[in-house]
Amino acid sequence: MNSKKIAVIGLGYVGLPLARLFATKYLVIGYDINETRIKELQSGIDSTLEVEDDVLQNVLTDNSEMDTGLYCTNELEKIKDCNYYIVTVPTPIDSANRPILTSLYKSSETIGKVLKKGDTVIYESTVYPGVTEDECVPILEKVSGLKFNIDFFVGYSPERINPGDKEHTVEKILKVTSGSTPEVGEKVNNLYASVITAGTFLASSIKVAEAAKVIENSQRDINIAFVNELAKIFNLMDIDTHDVLEAARTKWNFLPFEPGLVGGHCIGVDPYYLAQKAQEYGYHPEIILAGRRMNDSMGKYVASEVVKLMVQNDIKVKGSNILVLGITFKENCPDVRNTKAVDVITNLHSYGANVDIYDPWASPKEVEHEYSLQTTKKILSKKYDGVVLTVAHKCFLNLDFNSIRKENSILYDVKGVLQGKSTGRL
């Protein structure tokens with residue numbers, strides 16, 4: 001009998017791939033409060049497309065007493081016999097860019113109800129340094145009545161999953177691990193090392209691991225903000241930014257970042273987590289927040305550039321029909337969380353334009369729920385005054401643009417992937 005029984009709390013873009021991987025060696029109880037999601041997974045279907053249906057079906061089990069396999073449930077009773085609890089719930093921000101840790105706190109309360117002596121709780125959700133030990137542990141102690149580092153232990157191993165990426169899957173990404181004691185750190189590290197083929201890195205403390213995660217995406221955010229600022233400058237100078245970057249990339253140590261819309265659940269969120277904690281210590285982070293302001297401004301900037309092109313082409317903007325290609329936060333992925341394509345659409349509406357949104361990857365129901373916008377999975381048989389490509393889905397690259405554009409129309413390429421077909425690009 002396998003001595004390790006793992007509960008994965010939260011079966012979304014991060015939790016499901018991890019649960020599936022662990023289920024190849026251990027019994028994993030996948031727990032989620034979303035009953036619809038549980039029924040979907042029990043039927044062997046993953047609407048996030050992170051785990052292929054046949055791969056999921058290969059590890060699914062309807063017996064929670066097996067040695068290996070994935071058992072999905074929304075019943076708390078089913079996770080009470082686990083000795084490892086891995087938390088993979090989302091940690092978004094609110095409208096004022098403040099961290100929302102509600103799901104993390106509620107997950108801690110849930111685990112506290114079933115926590116036993118000797119159990120280990122591992123957090124994977126992105127947080128600012130100190131959340132695991134200073135905020136989650138007290139909840140575990142209060143609800144369970146157990147003592148931290150005496151009766152139970154915790155670890156932190158930040159998720160590094162890249163939604164939609166079928167090359168850099170969870171087992172192929174090196175995993176940072178940590179524990180609340182040196183012994184627990186080794187224990188947590190060995191658990192992940194047993195399934196992560198890319199290897200693991202044991203950080204010196206939980207706070208170090210938390211900080212490492214939050215700066216990974218902050219660094220990327222700042223670099224993209226730099227090239228976004230370059231794009232604004234070079235556009236004023238009538239210089240093609242992509243041509244400039246192509247030339248600069250010939251130097252061996254030039255970092256190959258591209259301008260664009262920066263959304264999603266990580267890059268567009270994590271810098272605010274770090275900034276929040278810095279401000280609690282009395283430090284106002286200038287570079288981090290400047291990068292965020294730049295990237296958050298890009299949706300409005302793209303819309304203004306589209307309108308400028310239309311005016312230059314004698315196209316009446318108010319009442320015009322514009323097609324936006326893509327509303328997910330990145331290409332070839334159904335994830336619409338914190339997508340900045342919405343900013344482009346909202347600003348085009350503010351100019352009086354009529355906007356249709358075509359995205360075969362996005363769920364129209366989810367988009368309507370999140371943003372109150374109507375989308376279609378099939379392109380409409382009409383011609384537009386303007387077409388704006390905001391997401392580089394592969395299926396967009398070979399579109400017959402002549403069939404959807406009026407004779408006097410503009411095609412704006414936010415991603416710079418249309419290779420000469422566009423009349424303007426970021």
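Structure: above.
The structure reproduced in this document is the subject of the present report.

Calculation notes
Residues numbered from 1 in each chain as written. Predicted model: local features only at pLDDT ≥ 70, side-chain atom pairs only at ≥ 80, totals over all residues. Heavy atoms only, no water. Helix = DSSP H or I, 4+ residues; strand = E, 2+ residues; numbered from the N terminus. Rg over C-alpha atoms; globule rule 2.2 N^0.38 Å. Buried < 20%, exposed > 50% of the residue type's maximum accessible area, 1.4 Å probe, protein only. Contact = heavy atoms within 4.5 Å. Areas by Shrake-Rupley, 256 points an atom, 1.4 Å probe, with all protein chains shown as cover. Salt bridge = Lys/Arg side-chain N within 4 Å of Asp/Glu carboxyl O. Pairing = 2+ DSSP bridges. Axes fitted to C-alpha atoms, helices over the stretch in contact; angles between N-to-C directions.

Notes on the overall build of the chain
A tally of regular secondary structure across the chain gives 14 helices and 13 strands. For 426 residues, the compact-globule formula gives about 22 Å, and the C-alpha radius of gyration of the chain, at 23 Å, lands near that figure. Dimensions of the chain along its principal axes, counting C-alpha atoms only, are 75 × 50 × 40 Å. Taking all 426 residues of the chain together, 54% fall into the buried category. Across the chain, every contact between residues at least 6 apart in sequence was considered, and the portion connecting residues at least 24 apart equals 70%. Carbon and sulfur atoms form 51% of the exposed surface of the chain, whose accessible area is close to 19400 Å².

Describing the environment of leucine 245
Mapped onto the fold, leucine 245 is located in helix H8 (residues 241-248). Judged by relative accessible area, leucine 245 falls into the buried class, the value being 1%. With 12 residues separating them in the primary sequence, leucine 245 and phenylalanine 257 have C-alpha atoms 8.3 Å apart. Not counting residues within four places of it along the chain, the set of residues in contact with leucine 245 comprises Val227, Phe254, Phe257, Glu258 and Pro259.

Digging into the pattern of salt bridges
Pairing between side chains of opposite charge can happen when their charged atoms approach one another. In total, this model carries 23 salt bridges according to the counting rule given. Linking glutamate 77 and lysine 80 is a salt bridge whose minimum nitrogen-to-oxygen distance equals 2.6 Å. According to the relative accessible area criterion, lysine 80 is partly exposed, its value standing at 35%. Two residues, glutamate 124 and lysine 175, come together in a salt bridge whose shortest N-O distance is 3.0 Å. Highlighted residues: glutamate 124 in the loop between strand S5 (120-123) and helix H5 (131-144) and lysine 175 in strand S7 (residues 175-177), separated in sequence by 51 residues. With relative accessibility at 3%, the residue lysine 175 sits in the buried group.

Brief notes about the sheet that holds strand S1 (residues 5-9)
Strands in a sheet are paired, the pairing made by backbone hydrogen bonds, and the direction either parallel or antiparallel. Taken together, six strands build an open sheet; the order of strands is S3-S2-S1-S4-S5-S6 and the sheet is parallel. The sheet is open, and its two borders are formed by strand S3 (69-73) and strand S6 (153-156), each paired with just one other strand. Along the sheet, successive strands turn relative to each other by an average axial angle of 20°, direction set aside. Here strand S4 (residues 84-87) runs beside S5; their pairing, made up of four bridges, is parallel. Looking at the pairing, tyrosine 84 lines up with threonine 120 of S5. Along the sheet, H5 makes contact with S5 and S6, crossing S6 at roughly 140°.

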